[in-house]
Amino acid sequence: MSQDVEKQLLADVPDGLYIGGEWRAAADGGTLEVRDPATGGAVKRIASAGVADGTAALDAASEAFPDWASTPVRERAELLRRAFDLVQERKEDFALLMTIEMGKPLAEARGEVAYGGEFLRWFSEQAAHVQGRYGANPEGTGRMIVSQHPVGPCYLITPWNFPLAMATRKIAPALAAGCTVVVKPAALTPLTTLYFAKVLQDAGLPDGVVNVITTSSSGPVSEAIIADPRLRKLSFTGSTQVGKKLLEQAAGGVLRTSMELGGNAPFVVFDDADLGKAVDGAIAAKFRNIGQACTAANRFIVQAGVADEFARRVTERVKGFKTGRGTEEGVMIGPLIDDKAVSKAEELVRDAIDRGATLRAGGGPIDGPGSFYAATVLTDVRPGSDILSEEIFGPVVTIMAFEDEDEAVRLANDTEYGLVSYVYTESLARGQRMIEKLQTGMMGLNVGVVSNAAAPFGGWKLSGLGREGGAEGIHEYLQTKYTLTANPFG
Ligand code: NAP
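It should be emphasised that the depicted structure is a prediction, and the values quoted were computed from it without experimental measurement.

A word on helix α6 (residues 165-177)
Over its 13 residues, α6 extends 18 Å from the first C-alpha to the last, a length consistent with the 18 Å expected when each residue adds 1.5 Å. Buried residues dominate α6, accounting for 13 of its 13 residues. In the segment just after α6, Gly178 is the residue with positive phi, at about 100 degrees.

Regarding the pairing of strand β18 (residues 420-424)
Across the five residues of β18, five count as buried, placing the element largely inside the fold. Pairing geometry for strand β12 (residues 265-269) and β18, over three bridges, is parallel. Following the sheet pairing, Phe267 is matched in β18 by Tyr422. Pairing between β18 and strand β19 (residues 442-445): four bridges, direction parallel. Paired with Ser421 across the two strands is Met443, which belongs to β19.

A word on the layout of surface pockets
The space that makes up the largest pocket amounts to roughly 1,300 Å³. Lining the largest pocket are 43 residues, and of these Trp160, Gly238, Ser239, Gln241 and Val242 sit closest to its centre. Only α8 (218-227), β10 (233-237), α9 (240-252) and α12 (339-354) provide two or more residues apiece to the lining of the largest pocket. If you tally residues by element for the lining of the largest pocket, the top one is α9, at six residues. In terms of residue class, the lining of the largest pocket is built from 17 nonpolar, 16 polar and ten charged. One number sums up the size of the second largest pocket: a volume of about 290 Å³. Taken together, 17 residues make up the lining of the second largest pocket; nearest its centre are Pro383, Leu388, Met400, Leu411 and Asp414. Where the lining of the second largest pocket is concerned, the elements lending two or more residues are α13 (386-389), β16 (396-402) and α14 (405-413). When residues of the lining of the second largest pocket are assigned to their parent elements, the largest contribution, three residues, is made by α14. The class makeup of the residues in the lining of the second largest pocket is seven nonpolar, five polar and five charged.

Let's talk about the side chain of Thr237
Relative to the helices and strands, Thr237 is located in strand β10. Within polar-contact distance, the side chain of Thr237 engages the side chain of Lys170 at 2.7 Å. When neighbours within four sequence positions are excluded, Thr237 is seen to be in contact with Ile157, Thr158, Pro159, Met166, Arg169, Lys170, Glu260 and Glu468.

Remarks on the sheet that holds strand β22 (residues 478-486)
Pairing is antiparallel across the open sheet formed by three strands, whose spatial order is β5-β6-β22. A single partner strand is all that each edge strand has here, and the edge strands are β5 (133-136) and β22. Mean inter-strand twist for the sheet, computed between neighbouring axes without regard to direction, equals 20 degrees.

Thoughts on the site of the ligand
Near the ligand, the surroundings consist of 29 residues, among which Thr158, Arg169, Ser218, Ser239 and Glu391 are the closest. A distance of 2.6 Å separates an oxygen atom of the ligand from a polar atom in the backbone of Thr158. A distance of 2.6 Å separates an oxygen atom of the ligand from a polar atom in the side chain of Ser239. With the chains in place, 86% of the 900 Å² that the ligand exposes on its own is no longer accessible. At a threshold of 2 Å from the grid points, most atoms of the ligand map onto the largest pocket.

Brief notes about the packing of helix α3 (residues 73-89) against helix α5 (residues 106-126)
The geometry of α3 relative to α5 is characterised by a closest axis approach of 7 Å and an angle of 160 degrees between their N-to-C directions. By the angle between their directions, the pair α3 and α5 is classed as roughly antiparallel. Where α3 crosses over α5, the handedness of that crossing is left-handed. Where α3 approaches α5, its residues Ala77, Leu80, Arg81, Ala83, Phe84, Val87 and Gln88 are matched on the opposing element by Val113, Gly117, Glu118, Leu120, Arg121, Phe123 and Ser124. Considered class by class, the residues forming the contact of α3 with α5 number eight nonpolar, three polar and three charged.

Brief notes about empty space enclosed by the protein
In total, this model carries three cavities of 30 Å³ or more according to the counting rule given. Considering only enclosed or pocket space, the largest cavity measures out at about 60 Å³ in volume. Around the largest cavity sit Tyr115, Phe162, Met166, Arg169, Arg288, Cys294, Thr295, Ser451 and Phe457, which together line it. For the lining of the largest cavity, a count of residues per class yields five nonpolar, two polar and two charged.

Regarding the packing of α3 against helix α7 (residues 191-202)
Their axes nearest at 9 Å, the elements α3 and α7 cross at an angle of 125 degrees. The orientation of α3 relative to α7 falls into the category oblique. As α3 runs across α7, the sense of the crossing is right-handed. Seen from α3, the contacting residues are Ala83, Leu86 and Val87; seen from α7, they are Phe196, Val199, Leu200 and Asp202.

Here we look at the sheet that holds strand β13 (residues 297-303)
Read across the open sheet, the seven strands follow the order β14-β15-β16-β13-β12-β18-β19; overall the sheet is mixed. Edge positions in the sheet fall to β14 (358-361) and β19, since each of these pairs with one other strand and no more. For this sheet, the mean inter-axis angle between neighbouring strands, taken without regard to orientation, is 20 degrees. Here three bridges tie β14 to strand β15 (residues 376-379), and the two strands are oriented antiparallel to one another.

Observations concerning unusual backbone geometry
Negative phi values dominate among residues other than glycine, just as trans dominates among peptide bonds. Located in the positive-phi region is Asn289, a residue other than glycine, with phi close to 60 degrees. In this fold, Asn289 is placed in the loop between α10 (275-287) and β13. Of the residues examined, Asn289 reaches a relative accessible area of 0% and is grouped as buried. You will see that Asp380, though not glycine, has its phi angle at about 50 degrees, which is positive. Mapped onto the fold, Asp380 is located in the loop between β15 and α13.

Here we look at the pattern of salt bridges
Applying the stated criterion across every chain, the model contains 24 salt bridges. With a closest N to O distance of 3.0 Å, Arg317 and Asp280 form a salt bridge. With a gap of 37 residues between them, Arg317 in helix α11 (residues 304-319) and Asp280 in helix α10 connect regions that are remote in the sequence. Classification of Arg317 by relative accessible area gives partly exposed; the value is 35%. It is possible to trace a salt-bridge network through shared partners that takes in Asp272, Glu405, Arg430 and Arg433.

Basis of the calculations
Residues numbered from 1 in each chain as written. Predicted model: local features only at pLDDT ≥ 70, side-chain atom pairs only at ≥ 80, totals over all residues. Heavy atoms only, no water. Helix = DSSP H or I, 4+ residues; strand = E, 2+ residues; numbered from the N terminus. Expected span 1.5 Å × (residues − 1). Buried < 20%, exposed > 50% of the residue type's maximum accessible area, 1.4 Å probe, protein only. Pairing = 2+ DSSP bridges. 1 Å grid on protein atoms, 1.4 Å probe; cavity = no way out; pocket = protein on both sides within 12 Å on 5 of 7 lines; lining within 4 Å. Points joined across faces, edges and corners; volume = space filled by probe spheres on them. Nonpolar A, V, L, I, M, F, W, Y, C, P; charged D, E, K, R; others polar. Polar contact = N/O pair within 3.5 Å; in protein donor to acceptor, adjacent residues only side chain to side chain. Contact = heavy atoms within 4.5 Å. Axes fitted to C-alpha atoms, helices over the stretch in contact; angles between N-to-C directions. Near = heavy atom within 4 Å. Areas by Shrake-Rupley, 256 points an atom, 1.4 Å probe, with all protein chains shown as cover. Sits in = over half its atoms within 2 Å of the grid points. Parallel < 35°, antiparallel > 145°, perpendicular 65-115°, else oblique. Left-handed = near helix turned anticlockwise from the far one by under 90°. Salt bridge = Lys/Arg side-chain N within 4 Å of Asp/Glu carboxyl O.

Right, dumping it as structure tokens:
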């Protein structure tokens, strides 16, 4: 990838806040710097919103709401469809931008453009399928009408790990439902959302329907927006720790909330599994996004009879991975998002080894520029190791063995999280038992990646509230009204 192409792309990304259809500097002139985690170098300086800018963005969203809510559904849907087409046209730009600011390999970034873009198409199709009900009440004295209405202006907070998909997964259903939004991407990866706002502008989105604020003060800026009585909905994707804090703030305004929070996914391999498929699934479930996904397999729980062979095959694959900047051909392991993430992986791996785990591959940071951590495999991970209870968010495989199905279920459910689980077995009945027993909102049964715009994505337990995608996704942005009318026949 030539440096000129990168330079031109970065120059094309707006550097202002997008408020009321205009690009503007922060009121106090604040800025923040975006870095490339593969080199540590600065790539672009952009505006950093303060509290006044957050309020201005909510002003714009509130003003635009009545017109957007009453815009015919077909028009809203067609706008989303145009945005989908524009994302396809600019897919190489979006992919490169995500690789630059977030570090994922270019091939994966292209995959995210496909996945993230799909929310625009999916919700353009779903928009016209929101329906109400009409019918007589059981007493026969009246007629009941149940109708759906947009909840109002929304605040959408997204994380750094999937810069495009986490934005479209919220913006598309909100717009389809008739809501207006203020979007706040993570300070580490704000460029993709700014570039996406340009797409929406080019697609003809009316001013103020989508507003984007980038900021290095997410706490105070968000708190003021959430406390504003004009806001009616908060949708957040990020850590459980921050999600809990935001839920407390949202309680003040009794806001509708959607919370897509952390995970600690078990990946269970039974001895009747097709081991080749299980290893392929394990590599996808663990190493996609360099292990920095809420859906990343965090704990490999493998039946004793196949545990050694599974570990041997995974280790062999891991030792063959190429590490480097995501723009280089054939790279599987890009950088972690920052040095803090490298230190966290280091601590978790050290703790696991100190408690008796065996290191089979990798095991530490990689010297040189950028925030790289070697793809790592640990076996015989002991109960009580921190790595089993915390989200690793890095390229580290932890394998432990189990004897029977009951033990597998107990180990898999032994976490306060419940986002996704993965199960490999050739037995249909066993697979069905796992669907009923594992406490997660999603499951991959002989499949290592579950995300799909047409499916309800979301977790149980501390992994969150609500669903994104699927037929459910649009209902997060709708509120129900029941009306009773008199019996028209007297
Ligand atoms: P994070 O630290 O919780 O940040 C998420 C977002 O919240 C960012 O935009 C961040 O902005 C903002 N934020 C942080 N502190 C805030 C505060 N006090 N008030 C308001 N906003 C605040 O999480 P992350 O490190 O970016 O993302 C990784 C986490 O997200 C993992 O736990 C992962 O599992 C989870 N995740 C979940 C899903 C899902 O669908 N369930 C999907 C992807 C990721 P700044 O960073 O700019 O402060």
